[in-house]
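Tertiary structure, described
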Amino acid sequence: MSSTKEQYATTYYKEPGPKLDKESPFESMMERFRFAAEILNLDEGMFQYLASPVKQVIVSIPVVMDDGRIEVFEGYRVIHDNVLGPSKGGIRYAPDVNLDEVKALASWMTWKCAVVNVPFGGAKGGVRVDPKKLSYSELERLTRRYTANLLEVFGPDRDIPAPDMNTNEQIMAWIMDTYSMNSLRTETAVVTGKPIILGGSQGRKEATGRGVVTVTLAALSKLGIMPNRANVAVQGFGNVGSVSAELMYEQGAKVVAVSDISGGYFNKKGLDIPEMISYMRNNSNTLEGYADAEKLTNEELLEIDCDVLIPAAKEDQISRHNAENIKAKIISEGANGPVTANADAILEKNGIMVIPDILANAGGVTVSYFEWVQDRQGYFWTEERVNRRLNRMMRTAFDNLYKVSEEYNITLRQAAYVYAINKVAATLKMRGIYA
Ligand code: GLU
């Protein structure tokens, strides 16, 4: 069932207006995919197979709002691929989510899982909603109805969601409960990124940032830069950015700039990251008003003179418009898609090493895999074990890609696609096409 290429549309899909000056995320992905397919001499049929999502579901989600009105939201789940195992990927809530974006993110998950050798295919979901405009109970009803509409898609052996932009462990708990209520048993392994008391994993929340730091340290060592000699800038101070900044700080690096939605904060002597994290926690989760730094804009932060730049905020931050101005030696992509395909060549020409998102931020899905394994075993690991295994898998993945990049004389991003596509294509060849 899950390998049929079908398209369900239970509601009229509204195409969003053109995103001015932005490259389509799906096109960015396809450009990189085409390049790797050429290197691998992938045959046309295989190319077609891997370019098309297995399943694209659009659901309409009616919600009774607190004032009694019914509002209808649009939700998506795209399974790009399930060759390596059940599909895996987060769910994002955002007012501009659309099918094109979810499709791109779903295929990113396929390549991401393959890069870190996690036995999952790729998927992604989204709901077109501004969650800040919903009350807590409206958010719960929206989440439960979205889940109910996708009961035939989700499942611990079929498709396993997780948090992504604007979704969190409480939302994962509602998904788990809704699925469990409908299957008449508690099924913790249907979703990851859950609270620890509901079968979540130690270390899951910090996993993406921790993974970013593992591969960043590996890259620094390739360039012969000691971590305590490195200047670091981090765009975004959410779950990924703040953990990356904190762990780089703990490594002795000088974190000279960080930013969040309130803008950037710069101190050439280095920022006190633990102090900024506690400031943010006591200040409704924003750095607004933090005084011990000069202010910059989020765009200026990207262009400061530093060794490591970690864009951990959102997509399309480094494009052909500003790529020429980037001074970092290493860009470690904490977010999904912060560098557009058009910027890749400019960064390459300028000798900047980019650790691609499908490697750099794969720590999240790696610990999601650990969470799923623990749920299925009913046996839970210590945080120390989770972190040790995470570091090992990230380090191995970095070394594998580095080898491929040397072998073909290509960038780490191209190597990541070559490695991942090769792995999925080889597995598909062994499985064959079911007829
Ligand atoms: N949303 C995260 C990502 O983009 C995590 C996905 C997962 O854990 O399944 O990698």
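These lines cover the structure that appears in this document, whether it is placed above or below. (Residues numbered from 1 in each chain as written. Predicted model: local features only at pLDDT ≥ 70, side-chain atom pairs only at ≥ 80, totals over all residues. Heavy atoms only, no water.)

1. A look at the side chain of Asp-81
Put simply, the rule reads: Runs of H or I in DSSP of at least four residues are treated as helices and runs of E of at least two as strands, each being numbered from the N terminus. Residue burial is assigned from relative accessible area. The probe radius is 1.4 Å, only protein chains are included, and a residue is buried under 20% of its type maximum, exposed over 50%, and partly exposed in between. In protein, a polar contact means a hydrogen-donor-capable atom and an acceptor-capable atom, both N or O and within 3.5 Å, with residues adjacent in sequence counting only if both atoms are side-chain atoms; elsewhere, any N or O pair within 3.5 Å suffices. We call two residues contacting when some pair of their heavy atoms lies within 4.5 Å.
Position of Asp-81 among the secondary structure elements: in strand E3 (residues 70-81). Take Asp-81: its relative accessible area is 1%, and that puts it in the buried class. Within the structure, the side chain of Asp-81 is placed 3.0 Å from the backbone nitrogen of Val-83, a separation counted as a polar contact. In this structure, Asp-81 is in contact with Tyr-49, Leu-50, Val-54, Ser-87, Thr-110, Gly-121, Gly-122 and Val-424, ignoring residues within four places of it in sequence.

2. Comments concerning the sheet that holds strand E12 (residues 330-332)
Each strand in a sheet pairs with another by means of backbone hydrogen bonds, the pair being arranged parallel or else antiparallel. This is how it is decided: Between any two strands, at least two bridges found by DSSP are needed for them to pair. Here, axes are lines fitted to C-alpha atoms. For helices the fit covers the stretch in contact, and angles between N-to-C directions go from 0 to 180 degrees.
With mixed pairing, seven strands are arranged side by side in an open sheet as E10-E9-E8-E7-E11-E12-E13. The sheet terminates laterally at strand E10 (294-296) and strand E13 (353-355), the two strands that pair on one side only. Taking the axes of each pair of neighbouring strands and ignoring which way they run, one obtains an average angle of 20° across the sheet. Sheet topology places strand E8 (residues 254-260) next to strand E9 (residues 263-266); four bridges connect them, and they run antiparallel. Looking at the pairing, Ala-257 lines up with Phe-266 of E9.

3. Here's the deal with the environment of Ile-304
Among the secondary structure elements, Ile-304 is positioned in the loop between helix H9 (298-302) and strand E11 (308-311). Sequence spacing of Ile-304 and Ala-257 is 47 residues, and the spatial spacing of their C-alpha atoms is 8.6 Å. Other than its neighbours up to four places away in sequence, Ile-304 contacts Ala-233, Val-256, Ala-257, Phe-266, Leu-296 and Lys-327.

4. Focus on the pairing of strand E4 (residues 87-94)
Stated formally: Seen with its strands pointing away from the viewer, a crossover is right-handed when the path leading from the first strand over the helix to the second is clockwise.
E4 sits mainly inside the fold: eight of its eight residues count as buried. Sheet analysis places E4 next to strand E5 (residues 121-128), joined by six bridges and oriented parallel. When the bridges of E5 are listed, Ile-91 appears paired with Gly-125. Taken together, E4, helix H3 (residues 99-115) and E5 form a β-α-β motif whose crossover is right-handed. With five bridges connecting them, E4 and strand E6 (residues 159-163) associate as parallel partners. When the sheet's bridge partners are listed, Ile-91 is paired in E6 with Pro-163.

5. Section: the pairing of E3
Taken across its twelve residues, E3 has nine buried, putting it largely inside the fold. Pairing of strand E2 (residues 55-64) with E3, which is carried by ten bridges, proceeds in the antiparallel orientation. The residue of E3 that forms the bridge with Ser-60 is Glu-74. Taking the residues between adjacent antiparallel strands as the criterion, E2 and E3 are bridged by five residues, where Gly-68 takes a positive phi near 95°.

6. Re the environment of Val-215
Structurally, Val-215 can be placed in helix H6 (residues 204-222). Taking the C-alpha atoms as reference points, Val-215 and Met-394, separated by 179 residues in sequence, lie 6.6 Å from one another. Not counting residues within four places of it along the chain, the set of residues in contact with Val-215 comprises Ser-332, Ile-355, Leu-359, Ala-360, Met-394 and Phe-398.

7. Some words on the site of the ligand
Formally: Here a residue counts as near a molecule or strand whenever at least one of its heavy atoms sits within 4 Å of it. For the accessible areas, the method is Shrake-Rupley and the probe is 1.4 Å, while residue cover comes only from the protein chains on display.
Lys-88, Lys-112, Pro-163, Asp-164 and Ser-368 are the nearest of the 14 residues found near the ligand. Between the ligand and Lys-124 there is a distance of 3.0 Å, counted from an oxygen atom to a side-chain nitrogen or oxygen. When isolated, the ligand has an accessible area of 290 Å², and the protein chains bury 94% of it. Of all the secondary structure elements, the ones that give two or more residues to the shell around the ligand are E4, H3, E6 and helix H12 (363-377).

8. Structural notes on the nonpolar core
Nonpolar side chains in soluble globular proteins tend to end up buried together. Going by this rule: The term nonpolar core refers to a set of buried residues drawn from Ala, Val, Leu, Ile, Met, Phe, Trp, Tyr and Cys, joined through side-chain atoms within 4.5 Å.
Membership of the largest hydrophobic core comes to 92 residues, with the highest contact counts inside it found for Leu-50, Trp-111 and Val-258. Per-element accounting of this core gives the leading share, ten residues, to helix H14 (residues 412-431). Residues within four places of Leu-50 in sequence aside, it is in contact with Phe-33, Leu-42, His-80, Asp-81, Trp-111, Ile-421, Val-424, Ala-425 and Leu-428.

9. Regarding the packing of helix H4 (residues 136-149) against helix H5 (residues 169-183)
Where we set the bar: Orientation is classified from the angle alone, with under 35 degrees giving roughly parallel, over 145 giving roughly antiparallel, 65 to 115 giving roughly perpendicular, and any other angle giving oblique. Each crossing gets its hand from how the near helix is turned against the far one by less than a right angle, where anticlockwise is left-handed and clockwise is right-handed. For this classification, the nonpolar set comprises Ala, Val, Leu, Ile, Met, Phe, Trp, Tyr, Cys and Pro, the charged set comprises Asp, Glu, Lys and Arg, and every other residue, Gly included, is treated as polar.
It is the contact of H4 with H5, at a shortest axis distance of 9 Å, that shows an interaxial angle of 45°. In terms of axis orientation, H4 runs oblique to H5. The handedness of the crossing between H4 and H5 comes out as right-handed. Mapping the contact onto sequence places Tyr-136, Leu-139, Glu-140, Thr-143, Arg-144, Thr-147 and Ala-148 in H4 and Gln-170, Ile-171, Trp-174, Ile-175, Asp-177, Thr-178 and Tyr-179 in H5. Residues that form the contact of H4 with H5 fall into these classes: seven nonpolar, four polar and three charged.

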